[in-house]
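Residue-level structural notes
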2 protein chains.
Amino acid sequence: MLKTLIALTAALLTLVAGIGTGRASGIEISHFVLANGLEVVVIPDHRAPVVTHMLWYKVGSADETPGKSGLAHFLEHLMFKGTAKNPAGRFSQVVATVGGQENAFTSSDYTGFFQRVPREQLPTMMGFEADRMTGLVLTDDVVRPELNVVLEEQNMRVANNPGTRLGEQMEAALYLNHPYGRPVIGWRHEIEQLTREDALDFYRRFYTPNNAILVVAGDATPDWVRTLAQDTYGRVPRVAEIKPRMRPQEPVPEAARTVTLSDPRVTQPSVSRYYLVPSSTSARPGESEALEVLAHILGRGSNSRLYHTLVFSKGIAINAGASYDGTAVDATHLSVYATPKPSVSLQQLEEAVDGVLAEVIENGVTSEELTRSQNRMIADAIYANDSQRMMAQWYGAALATGASVDDVRAWPERIRAVDQASVREAARRWLDKRRSVTGYLVKDARSEEKRS
Amino acid sequence: MLKTLIALTAALLTLVAGIGTGRASGIEISHFVLANGLEVVVIPDHRAPVVTHMLWYKVGSADETPGKSGLAHFLEHLMFKGTAKNPAGRFSQVVATVGGQENAFTSSDYTGFFQRVPREQLPTMMGFEADRMTGLVLTDDVVRPELNVVLEEQNMRVANNPGTRLGEQMEAALYLNHPYGRPVIGWRHEIEQLTREDALDFYRRFYTPNNAILVVAGDATPDWVRTLAQDTYGRVPRVAEIKPRMRPQEPVPEAARTVTLSDPRVTQPSVSRYYLVPSSTSARPGESEALEVLAHILGRGSNSRLYHTLVFSKGIAINAGASYDGTAVDATHLSVYATPKPSVSLQQLEEAVDGVLAEVIENGVTSEELTRSQNRMIADAIYANDSQRMMAQWYGAALATGASVDDVRAWPERIRAVDQASVREAARRWLDKRRSVTGYLVKDARSEEKRS
């Protein structure tokens, strides 16, 4: 149940509430805080009698003690192991019985739990979720087998996937000091050592109403949600005080890095690069928005600079793109990537990528590109209103990483305010190779035997 | 007063006590522990009426809390700021008045204080050193100016030295998880934030007799040292319990990395590589010794493989070598380096280095090379008996990183036991590029303006 929500790019982390769109009235987002510190966001959507119920904790892998990597994610798994009131399996069984869906996810900055159910089941979901906020019961009988589940998950997702392993290694090389350098799922040798006591310590430190955000999207009114939340979550006492998240920060980057992962299982070589850049939370005003637009112009879709130049004009790549996810507490990365045609070397492809970047650094972007990207980004955000789950996800992720409801609501305006000068300035300032790690994924037929 | 003692290679960390040498009687090293947990080592040397007095704490930069890098070294500086009994400056003044020398040093694993004085001053030195073990008094008046001294030291040693900066970046890229990845002197942005409270917390946690080693070398008998130590250090109570040093360990390395540092101040480009390898403490029996011999054959002196091949045979380098420092608690690195002749590219030079390494991995070393290196290493160790300070340093560093007096004493025997098969096995196992970071130091005339 691990999801690094990076696939949901910040271009879509947004949401819109009618601002800058044709829907003058927009969606009325409600936001309030219970007496025990629990934040609540209600996103009405009355098209169908269903609700999306999400509980977000402001704790992720970057909050783990060094040497205990994987703990945030392991605890996410263990949250399904039952309480004194609700034995293991009952919560999930009720969700299944009513035809609902459920999931859970962990990132560097947050951990979340999700159910989508018929509206009349909302009180039940809240009851279960509030119960396990502080009532989790863990015995070695359930902890040890779950550790094997997590190790198998690591095996499937990471160990047997050269591309994912390269990504892990690139993150580790990008962050010299910040805990974002360690994998959300953890380093395998550390996962193996995690214990019931580790999980309970972490749980008691971070799972408390004053460190959580409830997001309800769907067929529910703010008043109803408030009443239900007070009857369930409102009864959970604060069990810990939460300090601001002060993670070790990065030194000024000053040396370009590369990482090469050779593996016989690689079927498609590729080159990718991460640049260390500010997140929407850590950036100065306008900086993160300029990075979003820059990444979009560089690498979103077939009209983008990278795709158009490498795939169409030069014909040396079968794919190319760029992305930026600003949804993070601390410095994140802007990434570019390209996949070569069979006869093209990674070096040749990288030189072409560098050429595209150099051109934008030198001359900026055109006003047509800027307007087209802005329109597309804002339109995507509006379309996303259609998805109840996405809406809940975006508000939850934003609030869990230090943004406000208003920040999310004003996103289209902020994107619209980006001008050519700020995109060029973002390119000049942040696309500096000293801030970067370049990754090479290479097929190596000799790799297995070399390992000895 | 920062010394990363890496220049004193483990080839010299040894010492000998006559074993395997012509001096049948050898030096009688005494080793005992006081009731409060202080370890004492006495190394007799009666050639002159002087003593070397060293106090080693088993704490270094790898024991710092993340986000507080530089704290171990900062505290080393602050240890000169006086106690209730001895105001700032008095200790150093006495050393100077009696014609003595003093110094202090910090590494990843230990912090040490050193004086060399006439023998009759030993009781005084012990009195001062024991007093500041727990009696340090710090006020903001002395802490703040000292922080500027440390920042200026960082400026001189690191910020203005491209080679040192590259070394820092390579360490950071080599260690994905272990705190050895951070500089002993600290990241500048974190040094700037260190406070009096940080220093005192660290001091109270680690400066206690049961976390220290007293080494006295020189014109002193074990009985006299014991009596003096009991009268001074023996009166210092344990102020903290010390847990075993459990640092986050490295995952299995799986991707070759590079780091490029371009700077207009580079006068001499170079290529270097670090391989992650076991330390003498973390290695299995014989492994560290084989690595020492391997590094010696590869790169110690003009007869070594790298120097001979690159400088003499191919004529493409002005210098080349290898080194291995096994004196560490956790995994350390074996390094190789080469400096090109003016017309030679770093790429060409690196390929030649790789050729030399591949040859050793493939075919091992000759018995002549092995015997020559062993003889030279052991002879160097015996010559080192001549230096009182070196002897004290080696025992102190070894004991502070988890070795025993017997380990040090038996070093020549252990080196003598290395055979051709184990050297080849070490080369095959550890000179795997996936375990490595390659660093390029490059002169870049455009660097300043590119930074914007």
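We now turn to the structure provided with this report.

Reading the values: rules and limits
By convention here, each chain's residues receive numbers from 1 onward along its written sequence. Labels are handed out in written order, letters beginning with A for the chains and numbers beginning with 1 for the ligands. This being a predicted model, a pLDDT of at least 70 is required before a residue's local features are given, and a value of 80 or more before pairs of side-chain atoms are given or counted; all residues contribute to the totals for chains, interfaces and linings. Helix and strand labels come from DSSP, where a helix needs a run of H or I of at least four residues and a strand needs a run of E of at least two; each type is numbered from the N terminus. To get the radius of gyration, use the C-alpha atoms; to get the globule rule, take the number of residues to the power 0.38 and multiply by 2.2 Å. Buried means a residue has 20 or more other C-beta atoms within 10 Å of its own C-beta, exposed means 12 or fewer, and partly exposed covers the counts in between; C-beta atoms are placed from the backbone. We call two residues in contact when the distance between their C-beta atoms, placed using the backbone, is within 7 Å. By definition here, a helix of n residues has an expected span of 1.5 Å times n minus one. For two strands to pair, DSSP has to find at least two bridges joining them. What counts as an axis is a line fitted to C-alpha atoms, over the stretch in contact for a helix, and the angles between N-to-C directions run from 0 to 180 degrees. Our superposition of the copies is a least-squares fit, built on the C-alpha atoms of residues whose pLDDT is at least 70 in both.

Some thoughts on the overall build of chain A
- Within chain A, the regular secondary structure consists of 17 helices and 11 strands.
- By the compact-globule yardstick of 22 Å for 452 residues, chain A fits well, its C-alpha radius of gyration being 23 Å.
- Along the first, second and third principal axes, the C-alpha set of chain A runs to 65 × 60 × 40 Å.
- Counting the 452 residues in chain A, one finds 53% classified as buried.
- In chain A, the proportion of contacts linking residues at least 24 apart, taken out of those at least 6 apart, comes to 82%.

Regarding the environment of B:Val277
Residues and elements named next belong to chain B.
- Take valine 277: it is sitting in strand β8 (residues 270–277).
- Look at valine 277 and you get buried, because 25 C-beta atoms sit within 10 Å.
- In sequence terms valine 277 and aspartate 330 are 53 residues apart; their C-alpha atoms lie 9.2 Å from each other.

Some words on helix α12 (residues 367–384) of chain A
All names here are of chain A.
- Its 18 residues place the ends of α12 26 Å apart at the C-alpha level, agreeing with the 26 Å of an ideal helix rising 1.5 Å per residue.
- Turning to α12, its buried residues number three or more, namely Glu369, Leu370, Ser373, Gln374, Met377, Ile378, Ala381, Ile382 and Ala384.
- On its buried face, α12 is in contact with α9 (287–299), α13 (388–400), α15 (411–416) and α16 (420–430).

Comments concerning the sheet that holds strand β9 (residues 317–324) of chain A
- The sheet built from 10 strands is open, its strands ordered β9(A)-β10(A)-β8(A)-β11(A)-β7(A)-β7(B)-β11(B)-β8(B)-β10(B)-β9(B) with mixed pairing. Looking at which strands have only one partner, the edges of the open sheet turn out to be β9 of chain A together with β9 (317–324) of chain B. Taken pair by pair, the neighbouring strands of this sheet meet at an average axis angle of 15 degrees, ignoring direction.

A look at the relation of the copies chain A and chain B
- Between chain A and chain B, the superposition needs a rotation of 180 degrees and an axial shift of 0.0 Å, giving an RMSD of 0.0 Å. Those values place the two copies in the arrangement expected of a two-fold rotation axis.
- By residue overlap, the copies meet face to face through one surface: 100% of the interface positions of chain A are interface positions in chain B.

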